[in-house]
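If you want the building blocks of each chain, they are given just below.
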Amino acid sequence: MNRNKGVTGPQGFRAAGIAAGIKESGALDLTLVVNDGPSDAAAGVFTTNKVKAAPVLWSQQVIQSRRLTAVVLNSGGANACTGPEGFQDTHTTAEKVAEVLGTGAVDVAVCSTGLIGERLPMDKVLTGVENVVKELDSTVEAGLNAATGVMTTDSRPKQSWKASEQGWSVGGFVKGAGMLAPNMATMLSVITTDAKISGDQLDKALRQATSRTFDRLDVDGGTSTNDTVLVLASGASGVEPSFDDFVALLTEVAGDLVKQLQGDAEGVTKEISITVKQAATEAEAVHIGRTVAEDNLVKTALFGSDPNWGRIAMALGRADAEIDPDVLQIIINGVSLYRNGTRDRDRSEADLSGRDIEIVIDLNVGEAEATVLTTDLSHDYVEENSAYSS
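Residues numbered from 1 in each chain as written. Predicted model: local features only at pLDDT ≥ 70, side-chain atom pairs only at ≥ 80, totals over all residues. Heavy atoms only, no water.

S.K.: I'd love a proper account of the sheet that holds strand 1 (residues 13-18), names of residues and values included.
M.R.: Ordered by their spatial adjacency, 4 strands build an open sheet running 1-2-4-5, and the pairing between neighbours is mixed. Edge positions in the open sheet fall to strand 1 and strand 5 (108-113), since each of these has one partner strand only. Adjacent strand axes in the sheet meet at a mean angle of 10 degrees when their direction is disregarded. Those strands touched by helix 3 (residues 122-134) are strand 1 and strand 2 (30-35), and its axis lies near 50 degrees from that of strand 2. (Pairing = 2+ DSSP bridges. Helix = DSSP H or I, 4+ residues; strand = E, 2+ residues; numbered from the N terminus. Axes fitted to C-alpha atoms, helices over the stretch in contact; angles between N-to-C directions. Contact = heavy atoms within 4.5 Å.)

Here you go:
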């Protein structure tokens, strides 16, 4: 896995990220990714939050054709809860990108991230579109700038790339540090590939990959209004991989991006994996893992390096799933602390002083398994989110 490359790693793509003045800080805040083909297959998954941002509503419409030429993304404003005017701003942005690229607005997806409830400064956005096109390139630096231009509270850009043995590759970037509890996607991510694959197959592959990667990260229970993951295929490698091979590499790259999201979550001091084993169904395993991941008492205990298995037992016990406390087991960092209805080894034997914490919950009621990733609840998380809009 190569984290020095991202969306420009695969053949057939150019990207850029510039400072358009949307952010008062002067940081990079406008990104453009362009697929030069020969194919323009694309697919996307989006937030299941009922309060959807204007760019999500727009992109959901245009992706129905399973094709895209470009994706334009801005940070510094979510364009969510902005009414018909906000949707028109998104449409106008897509039209501007289409104008300068010589394509149609329906071939352009739009993504935004930042504070909810404020209109975007459209004069800066539209001028920025004109300027970002001039910076388009297929270099590693251009890809890095694109990944940087979507950052909000992220401390660093997040990108990944990997090539197959057959000569095609998958690359991408992602942003996100808080409001991470995905259902179909998480925050903003653009993934590219130079494999030959149809739009319908791409859609199927993306849903399989995100269900086991992006959907398994839950930092704080907040499903964003803007969550979007898009994948674009140029076909420029000339190689048509098997569907299973494509899903495997797409899942690997997506999984690496998700690990970077976990490691850069707001206020993170612990990176926590919760594996639920021998559940009745995979869906129940995910639900139990997410219930534990979102529990504030569990998260604060882990922040304090306290192996308080009682909080884990409490949290999983309130999940709507098949659970028998008399046969389940809770293991923290390799130490069995609860087994068959009572305490097992002394909690002091579990060392939580490091950054990585592994929780295994063995239900002993079935054969399904799933892992959910989360983080602790720290002082820094509370302080950062208490002052986000002020």
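Alright, that's what it looks like, and here's the rest.
S.K.: Provide a residue-level description of the sheet that holds strand 8 (residues 188-193), including the pertinent values.
M.R.: An order of 3-9-8-7-6 is seen for the 5 strands of this open sheet, with the pairing classed as mixed. Where the open sheet ends on each side, the last strands, each with one partner, are strand 3 (41-46) and strand 6 (158-163). Neighbouring strand axes in the sheet, compared pairwise and without regard to direction, differ in orientation by 10 degrees on average. Here strand 7 (residues 169-175) runs beside strand 8; their pairing, made up of 6 bridges, is antiparallel. Of the residues in strand 8, the one forming a bridge with Gly172 is Ile191. Here helix 6 (residues 243-263) sits on the sheet and contacts strand 6, strand 7 and strand 8; the angle it forms with strand 6, its principal contact strand, is near 155 degrees.

S.K.: Any chance you could break down empty space enclosed by the protein for me, citing the residues and the numbers?
M.R.: Counting across every chain of the model gives 1 cavity of 30 Å³ or more. Within this model, the largest cavity holds a volume of roughly 60 Å³. Counting residues per element, the ones that place at least two in the lining of the largest cavity are strand 4 (70-75), helix 2 (83-101) and strand 5. Here the residues of the lining of the largest cavity are counted per class, giving 7 nonpolar, 5 polar and 1 charged. (1 Å grid on protein atoms, 1.4 Å probe; cavity = no way out; pocket = protein on both sides within 12 Å on 5 of 7 lines; lining within 4 Å. Points joined across faces, edges and corners; volume = space filled by probe spheres on them. Nonpolar A, V, L, I, M, F, W, Y, C, P; charged D, E, K, R; others polar.)

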